[in-house]
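For reference, the chains in residue letters:
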Amino acid sequence: MSQARSNLEVLPKSLQFIIAMGFLALALFPLTDQAFYSQMIARMMILAIFAMSLDLLQGVTGLVSLGHAAYFGFAGYVLAFITPDSGPISLWWSMPVAVFASALLALVIGFFVVRTHGIYFIMVTMAFSQMIFYLFFDNKILGGSDGIYINFKPDAHFFDLENKTVFYYFVFVCMLSSYFLLRRILWSPFGRTLSGIRINEHRMGAVGYNTFAYKLSAFTLAGACAGLAGFLWGAQSGYVNPELMGFHMSAHVIMMLILGGMGNFAGAILGAFSFELLLHFLKDLPTVGRFEMGKHWQLWMGLVIVLIVVFAPRGLLGWMQKKEKNP
Amino acid sequence: MDLANFLIQLLNSAQYGLLLFMLAAGLTLIFGIMGVVNLAHGSFYMLGAYLAYWLMGLSGSLTVAIIGGTLLMVLFGLLLEKYLFRYFYERDHLDQVLLTFGLIYIFEELRSILWGDDVHGVAVPALWEWSIQLTDNLSYPGYRLFMSGVCIVFALALYFLISKTKIGMKIRAGAFNRDMAESLGINIGRIHALVFAIGIALASIAGMVAAPVSSVYPNMGSQVLIMCFVVVVIGGIGSVRGALIAAMLVGLVDTFGKVLLPQVSGMLVYVLMALVLLWKPEGLLKQ
């Protein structure tokens, strides 16, 4: 489906340089001592992990999931449930548990959805994530529509996550490791097979690959990675609610990929940052006359989305590369 | 559960199922014939309901509101098709998903700007303000019968249009093989516009007749959209008959689930979908 425009698997030297500079800038940012912006950037980096996880499915394997937020929110909820009321829980076992829980959920749902194709896949992933959404939304025991507070950040023993700068670097390391791990996977035989499935699933099947197993593995891995992001989100904000698993969250992460460009993970990071910046910008729009432009941010966001789909479906990275080819 | 109660639940599930069918029929036709994933279909339902609320306030008559509202929505649909959707029939599904998601945001905000964010009730027309007394304390409202009646009329009209008329034959030809139909002189662009308008009309009429029962509120479209997706997946994409069977099934499972297993009722419909997918990955009646 999306083979035509997910490319840039091999990042040109110039883009690699820009990405390296970007990482360096992120590493140095806390030195400016801007606590508010540090927190905002940490949030963007968490969303970048989330967007990269979807990229594995959408950009690499060619599976458009409209329900990816379920695995993101689920890990946050797991953290909320296993954090006791009396004090923090150890990071070193709560993180694996939350990630594993999301992976398990993705494995179970993936078992049903991966056997479908095209439009069906889109609709079924969306329907199942809505199922999870309503399960949490309707049940008071699971927090209901209000969500749950997480009163203590996980305890890391060797460093203090309550410290904003430490938390920033922890998220930064998580994002970097996810990026390099996923890049490594992209070029592994496993990743090559996933790309093959995107380009022509029937042919991969005919050559002898069990495409169902490969797609299910990709779905589970993407779920686990989304879970890591959700865990960090829950730890940072100290609060989880059903919106984290909602349809809008799932659509937003797709938007991030479209903005940045798919199939190479760097675009996902770029997209997550630009999407969040755009969101902040639109929500802070001034009031003109009696019309509160910021309150109606969804109108502008809707228009931006429509314009991007109509005019720039290859994302920022694709656009940058095109500029470079024909200046 | 005694007989009277059982009967009421049965009528409720049929009414819910028929309403879902009105929505899902348009969705499945647009999928099947133009190959477009339309996430904004729920917004048409929402816009229909708000139009009914607005026009009823102006005219005082639900009939006038339904006729006027449908005309407005059809016109709106034709414009949308001509200037936007037409260019997305050949694009991949991801683009369609994003386009229609953007439209949901736009429609919701326009609704918020035009009619505000409050919940509004819509009066039941006096003609249908009666109920059937089944036992001493159980009764069934006449308006719900009217709703089911409207849905049945439209379902029959749709069946007649698609399987008995010349236009229906062209629609089926276009769905079966677009290029062949075109080379035989069928103006496929016009057929697409027609199908799109039918889909919008059905969705908005569903919203209008449901408005007195459900009242009108923000985001009323998204919940119904997901249910429609489930119906379309169970029925098989492009199959109107499949959508009818699936809608009635979903109506039954949802209504009786709420009575018999209230703790998990929200999930039952999805369990049904999962079971159908295991059994038939392409829906009950694949076209």
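All of these numbers come straight from a predicted model, not from anything done at the bench.

1. Re the overall build of chain B
- Secondary structure summary: chain B contains 11 helices and two strands in total.
- Computed over the C-alpha atoms, the radius of gyration of chain B is 19 Å, within 12% of the 19 Å expected from 2.2 N^0.38 for a compact globule of 287 residues.
- When its C-alpha atoms are laid out on the principal axes, chain B stretches across 65 × 50 × 35 Å.
- A separation threshold of at least 6 residues defines the contact pool for chain B, and within that pool the share at least 24 residues apart is 76%.

2. Observations regarding the packing of helix α11 (residues 266-283) of chain A against helix α12 (residues 297-311) of chain A
Residue and element names in this part refer to chain A.
- At their nearest, the axes of α11 and α12 sit 9 Å apart, and the two run at 140° to each other. With respect to their mutual orientation, α11 and α12 come out oblique. Of the two elements, α11 crosses α12, and the hand of that crossing is right-handed. For the pair α11 and α12, contact is made by Leu278, Leu282 and Lys283 and by Trp297, Trp300, Met301 and Val304, respectively.
- Residues that form the contact of α11 with α12 fall into these classes: six nonpolar, no polar and one charged.

3. Overview of the packing of helix α2 (residues 35-61) of chain A against helix α9 (residues 211-237) of chain A
Residues and elements named next belong to chain A.
- Contact geometry for α2 and α9: axes closest at 9 Å, N-to-C directions at 170°. Classified by the angle their axes make, α2 and α9 are roughly antiparallel. Across from Ala42, Arg43, Ile46, Ile49, Phe50, Met52, Ser53, Leu54, Leu56, Leu57 and Thr61 in α2, the residues of α9 making contact are Lys215, Ala218, Phe219, Leu221, Ala222, Cys225, Ala226, Leu228, Ala229, Leu232, Trp233 and Gln236.

4. Brief notes about the interface of chain A and chain B
- Between chain A and chain B, the residue contacts involve 36 residues of the former and 33 residues of the latter.
- Broken down by element, the residue count for the side of chain A that touches chain B peaks at 14 residues, all from helix α5 (residues 118-138) of chain A.
- When its residues are assigned to classes, the side of chain A that touches chain B shows 27 nonpolar, seven polar and two charged.

5. Considering unusual backbone geometry
- For His157 of chain A, which is not glycine, the phi dihedral falls at a positive 65°.
- On the secondary structure map, His157 of chain A appears in the loop between β1 (148-149) and α6 (164-186).
- In this structure, Asn219 of chain B is a non-glycine residue whose phi angle is positive, near 65°.
- Inspection of the secondary structure assignment puts Asn219 of chain B in the loop between α8 (188-214) and α9 (220-235).

6. Concerning helix α4 (residues 91-113) of chain A
- Over its 23 residues, α4 of chain A extends 32 Å from the first C-alpha to the last, a length consistent with the 33 Å expected when each residue adds 1.5 Å.
- Taken together, the buried residues of α4 of chain A touch α3 (69-82), α5 and α9 of chain A.

7. Side note on α6 of chain A
Residues and elements named next belong to chain A.
- Counted at 1.5 Å a residue, the expected span for α6 with its 23 residues is 33 Å, and the 33 Å between its end C-alpha atoms agrees.
- If you check which residues of α6 are buried, you get Phe167, Tyr168, Phe170, Val171, Met175, Ser178, Leu182 and Leu186.
- Lining the buried residues of α6 we find α2, α7 (189-199) and α9.

8. A few points about the environment of Ser177 of chain A
- On the secondary structure map, Ser177 of chain A appears in helix α6.
- Considered as a pair, Ser177 of chain A and His248 of chain A are 71 residues apart in the sequence and their alpha carbons are 27 Å apart.

9. Section: the confidence of the model for chain A
- Taken as a whole, chain A shows an average pLDDT of 89; of its residues, 94% reach a score of 70 or greater.
- This stretch, residues 1-6 of chain A, has a pLDDT under 50; its non-local contacts, to residues over four places away or in other chains, come to 21 contacts.

10. Remarks on the confidence of the model for chain B
- Per-residue pLDDT for chain B has a mean of 89; in total, 99% of the residues score no lower than 70.
- Under the prediction, the complex receives an ipTM of 0.86, its pTM being 0.89.

What counts as what
- Per chain, residue numbering runs from 1 following the sequence as it is written.
- The order in which chains are written sets their letters, starting at A; the order in which ligands are written sets their numbers, starting at 1.
- Totals for whole chains, interfaces and linings use all residues, but because this is a predicted model, local features are given only for residues with pLDDT of at least 70 and pairs of side-chain atoms are given and counted only at 80 or more.
- Strands here are runs of E lasting at least two residues and helices are runs of H or I lasting at least four, both read from the DSSP assignment and numbered beginning at the N terminus.
- Put simply, the radius of gyration uses C-alpha atoms, and a globule should come to 2.2 Å times the residue count raised to 0.38.
- By definition, residues are in contact whenever their C-beta atoms, placed on the basis of the backbone, come within 7 Å of each other.
- The axes used here are C-alpha line fits, helices contributing only the stretch in contact, and every angle between their N-to-C directions lies in the interval 0 to 180 degrees.
- When describing relative orientation, an angle under 35 degrees is termed roughly parallel and one over 145 degrees roughly antiparallel, while 65 to 115 degrees is termed roughly perpendicular and anything else oblique.
- Take the far helix as the reference: if the near one is turned anticlockwise from it by less than a right angle, the crossing is left-handed, and if turned clockwise, right-handed.
- Ten residue types, Ala, Val, Leu, Ile, Met, Phe, Trp, Tyr, Cys and Pro, are classed as nonpolar, four, Asp, Glu, Lys and Arg, as charged, and the remainder, Gly among them, as polar.
- Multiplying 1.5 Å by the helix residue count minus one yields the expected span of that helix.
- Whether a residue is buried, exposed or partly exposed follows from its count of other C-beta atoms within 10 Å of its own C-beta, namely 20 or more, 12 or fewer, or something in between, respectively; the C-beta atoms are built from the backbone.
- pLDDT gives the predictor's per-residue confidence on a scale running from 0 to 100.

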